[in-house]
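# Architecture at a glance
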Amino acid sequence: MSLERSVDTFLRHVRIERGLAENTVSAYTRDLARYRAWLAENEVADFARVTSSHVVAFLRSLTQNPDTRLSPTSVARVLSSVRSLHRFLLEERIVEIDVAKEVKPPRQPDKLPKAISIAQVEALLATASGDSPQSLRDKALLELLYATGARVSEVCALNVDDVVDTDIVRLTGKGNKQRIVPIGSFARAALDEYLVRVRPALSARGAATPALFLGLRGQRVSRQNAWLIIRAAAERAGLSEHVSPHTLRHSFATHLLQGGADVRVVQELLGHSSVATTQIYTLVTADTLRDMYTQSHPRARAGA
């Protein structure tokens with residue numbers, strides 16, 4: 001069966017039999033047209049003659065031309081299309097082996113986490129001022145996020161009993177793994193004020209719940225609500241373009257390392273299973289040091 005006919009048979013299958021969305025089918029069509037053209041250019045007339053080396057060489061070709069080079073994410077998407085095609089061809093007994101099954105996508109570049117400065121964090125936290133129940137709750141939530149480096153979902157999942165003693169909180173992370181994280185005096189003070197002055201009244205408005213942070217109707221604060229609280233604080237502080245749900249977590253880790261904390265301690269506090277995940281923050285601090293050096297040292301810049 002020719003390359004064109006094989007691809008057309010697959011596209012008809014995903015469109016009619018699998019009922020995939022038109023955008024998905026269009027993506028398959030573009031990716032496989034590129035793949036088929038490359039095979040034809042390399043004198044491969046049918047898929048029975050394709051080897052895993054061909055697939056690897058095709059993926060490599062997608063990154064070689066500076067004018068048409070695809071990003072690693074786009075190459076990974078193309079590989080997904082190619083894998084789906086070869087899996088289908090095997091199931092239909094058009095080929096005898098799935099040559100794309102073991103081909104690995106290109107390694108995705110590490111994305112440096114975006115932290116904000118200590119001054120910016122302080123400005124964000126300062127926006128949650130006032131004596132209203134909502135303001136006191138928001139202040140406690142924001143202070144706790146920065147004090148612990150917790151994920152937003154972890155803080156929303158906290159129960160009152162997870163606040164251990166006076167300066168420790170028990171967080172439950174991915175895979176239900178628990179970790180103990182200390183909290184500083186600012187977060188402790190904000191949390192105490194919330195627990196004494198606000199939570200009892202909020203709790204009385206709804207069904208009994210062990211949740212630490214409650215909405216104005218007495219229900220557990222959701223991740224979406226917490227994100228809205230963070231977003232509103234960021235806008236008031238003039239930081240809306242720099243803040244994401246993970247910003248305080250990233251800033252927590254970056255500021256600890258800048259202050260001299262050991263990377264393995266930060267790993268434990270963040271709940272990372274591997275120190276390699278935490279070490280990406282060392283790249284951030286290295287960039288900061290490099291920028292400070294370039295700006296400050298009299299012989300760091302040419303022509304200075």
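Please refer to the structure higher up on the page.
These remarks concern the structure in this document. Remember, predicted model here, so these are calculated numbers, not experimental data. Per chain, residue numbering runs from 1 following the sequence as it is written. Note on the predicted model: pLDDT of at least 70 is required for a residue's local features to be given, and 80 or more for side-chain atom pairs to be given and counted; whole-chain, interface and lining totals, by contrast, use all residues. Side-chain metrics in this entry use all non-hydrogen atoms of the structure; hydrogen atoms and water are not considered.

### Some details on helix α8 (residues 185-197)
We count a stretch as a helix when DSSP gives it H or I for four or more residues in a row; a strand needs E for two or more, and each element gets its number in order from the N terminus. Helix span, expected: 1.5 Å multiplied by one less than the number of residues in the helix. Taking 1.5 Å of rise per residue, 13 residues should cover 18 Å, and α8 covers 18 Å from first to last C-alpha, within 8% of that figure. Buried, partly exposed and exposed residues are distinguished by accessible area as a fraction of the type maximum, computed with a 1.4 Å probe on protein chains only: under 20%, between the cut-offs, and over 50%, respectively. Considered for burial, the residues of α8 that qualify are A187, R188, A190, L191 and Y194. Looking down the long axis of α8, one finds its buried residues gathered within 165° of arc, a one-sided arrangement. Set apart from the buried face of α8 by more than 90 degrees, the exposed residues are S185, F186 and V196. Residues count as neighbours in contact if any of their non-hydrogen atoms are within 4.5 Å of one another. As for α8, its buried residues are in contact with α6 (133-148), β1 (163-164) and α9 (199-203). Starting at the helix axis, one direction is taken to each C-beta atom, and the arc is that of these directions.

### Remarks on the pattern of salt bridges
For salt bridges, the criterion is a side-chain nitrogen of Lys or Arg within 4 Å of an Asp or Glu carboxyl oxygen. Inspection of the entire model under this criterion finds eleven salt bridges. D138 is the partner of R137 in a salt bridge, and the nearest nitrogen-oxygen pair spans 2.8 Å. The same class applies to R137 as to D138, namely buried. One salt-bridge network, in which partners are shared between bridges, spans D131, E193 and R197.

### Regarding the sheet that holds β1
By the convention used here, strands pair only if DSSP detects at least 2 bridges between them. Across the sheet, which stays open at both edges, the three strands sit in the order β1-β2-β3 with antiparallel pairing between neighbours. Of all strands in the sheet, those bounded by a partner on one side alone are β1 and β3 (178-182). Of the strand pairs in this sheet, strand β2 (residues 168-172) and β3 are connected by five bridges, and their pairing is antiparallel. Residue pairing across strands places T172 opposite Q178, the latter belonging to β3.

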